[in-house]
Amino acid sequence: MNRMQSKQSIYSTRCLINGKLIPASVTFENGIIAEISRDKISGATDYGDLVIMPGLIDAHVHINEPGRTEWEGFETATLAAAAGGVTTLVDMPLNSSPVTTTVSAFTEKLAAAKNKLHVNCGFYGGLIPGNQRDIEPLIKADVLGIKCFLTHSGIDEFPNVTEQDLEEAMRVIAKYNIPLLAHCEIFKEEIEFEKEDKQSYGQYLASRPKKWENDAIALMIKLCRKYNCKTHIVHVSSAEALTLIEDAKKEGLPLTAETCAHYLYFNAEEIPNGNTLYKCAPPIREKANNGLLKKALKTGVLDFITTDHSPAPPDIKELESGDLKKAWGGIAGLQFLLPASWTSIKDNMSIEEFIPLITSHPARFLNLQGRKGKIEIGLDADFVIWNPEEQFEVTENEIRHRHKISPYIGEKMFGTVQQTFVNGVSVYSENIGNTNASAGKVIFKT
């Protein structure tokens, strides 16, 4: 925001400062944290024992604008983000039209986002066969990373890359301090079933085996080692790949990895047949597998949690037919990163251990640690104020995504968002709803 903001202070007995929940007042002015005090400052808004923490950072979101705005769009996506305590998100380069594989397409994306951002928004560029010459210009245009697929993306304009494509691109990307993000599945061959049941979740799960994911991750680690290129594995769902990731990190490779809230919250055994709201790729796997993902977050093998928010209109999700083979694969969950993650993991770790997985760790991955992810003097005044002990049930009425469809509807989760501040401006209040349409800024690399 351009206009000057008056000084404001907020207080809670549970404010996350230096990794600990302590009584503290935080004062901010013109979008920047100006002062932190262990005392309750006169005039500070008192939030009692609600948790005040840095705003969430969702580093994996599909907004789909321009070109497929009927799927989502900046207005509705950032409204939902604000309602969920997400103050910064990063938009993926596909699902929009044009896909963000050239600087001209990136310019169109920035124009489409203008005056629609309720929260901060950064962008990734895309790597596809034949656009290697566009990678360096995209990096110089300040994208936060480059994304590729090792299997069909679902969007014909964004085809998957080959190992040769990766080799050529990683030589360039390695020169810059940004990551190459990879969707790690390598399609081997169509899985044949004696009797195909297109509504069977078990058959869908079997059709995208862990081996596809494991082999793709092994390939990315090999190339990461060869080129010393910052490499990031998105939406890890196969627990069998965790040893590969752990060994690569012990070796000192510049490798990071994320998992998603839906891989922690849902389990394959409990997904009903014919309910396409749960379809995503890689698929939601078994409970025992997902328990290992939670442990990997605690030990640091996995770095942070995202949503991979990938919404679509109801007809594309094949809600009526229940056809899991034909339905668009993607989970609508941007608004529920905080409660879904916390509900899933609260029995495995403390709040202080959990919060960095959705704040400082993704900030560090995006090289934004000097601006976001912590409550420190001089950093941006992005906050979420929430109640981790309060439970609520998700209803259609409170969903702010464009389409009111999500597997989280009807789920009872812990963690109610009371208020969200972006750059020092209140953008969401539980009693009022969304309160400001222009507080978000575009986040560039430099």
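So, here is what we can say about the structure in this document. It should be emphasised that the depicted structure is a prediction, and the values quoted were computed from it without experimental measurement.

**Details of the overall build of the protein**
A count of helical and extended segments in the protein gives 12 helices and 19 strands. Its C-alpha atoms give the protein a radius of gyration of 21 Å, within 12% of the compact-globule value 22 Å for 446 residues. Taking the principal axes of its C-alpha atoms as reference, the protein extends roughly 70 × 45 × 45 Å. Out of the 446 residues in the protein, the part that is buried amounts to 61%. Long-range contacts, defined as pairs at least 24 residues apart, comprise 75% of the intrachain contacts of the protein with a sequence gap of at least 6.

**Quick look at the sheet that holds strand β11 (residues 180-183)**
Spatial ordering of the open sheet is given by β9-β10-β11-β12-β13-β14, a layout of 6 strands whose pairing is parallel. Edge positions in the sheet fall to β9 (125-126) and β14 (304-306), since each of these pairs with one other strand and no more. Relative to β14, strand β13 (residues 255-260) runs parallel, the two sharing 3 bridges. Bridging from a neighbouring strand, E258 pairs with F304 of β14.

**Remarks on the pattern of salt bridges**
For side chains of opposite charge, pairing can occur when their charged atoms come near one another. What the rule picks out here adds up to 22 salt bridges. As a salt-bridge pair, E246 and K250 come within 3.7 Å of each other at their nearest N and O atoms. Of this pair, E246 and K250 both sit in helix α7 (residues 242-250), 4 residues apart, which is roughly one turn of that helix. Overall, the relative accessible area of 31% leaves E246 in the partly exposed class. For K250, a relative accessible area of 66% translates into the label exposed. For K326, the salt bridge is made with E318, and the minimal N-O distance between the two is 3.9 Å. Under the relative-accessibility criterion, E318 is labelled buried at 16%.

**Looking at helix α6 (residues 210-227)**
Helix length check: α6, at 18 residues, gives a terminal C-alpha distance of 26 Å against a target of 26 Å (1.5 Å per residue), a fit within 8%. For α6, the full list of buried residues reads W212, E213, N214, A216, I217, L219, M220, I221, L223, C224 and Y227. Those residues of α6 that are buried lie in contact with α4 (163-173), β11, α5 (201-207), β12 (231-233), α7 and β13. Following α6 by one or two positions, N228 has its phi on the positive side, about 50°.

Rules behind the numbers
Residues numbered from 1 in each chain as written. Predicted model: local features only at pLDDT ≥ 70, side-chain atom pairs only at ≥ 80, totals over all residues. Heavy atoms only, no water. Helix = DSSP H or I, 4+ residues; strand = E, 2+ residues; numbered from the N terminus. Rg over C-alpha atoms; globule rule 2.2 N^0.38 Å. Buried < 20%, exposed > 50% of the residue type's maximum accessible area, 1.4 Å probe, protein only. Contact = heavy atoms within 4.5 Å. Pairing = 2+ DSSP bridges. Salt bridge = Lys/Arg side-chain N within 4 Å of Asp/Glu carboxyl O. Expected span 1.5 Å × (residues − 1).

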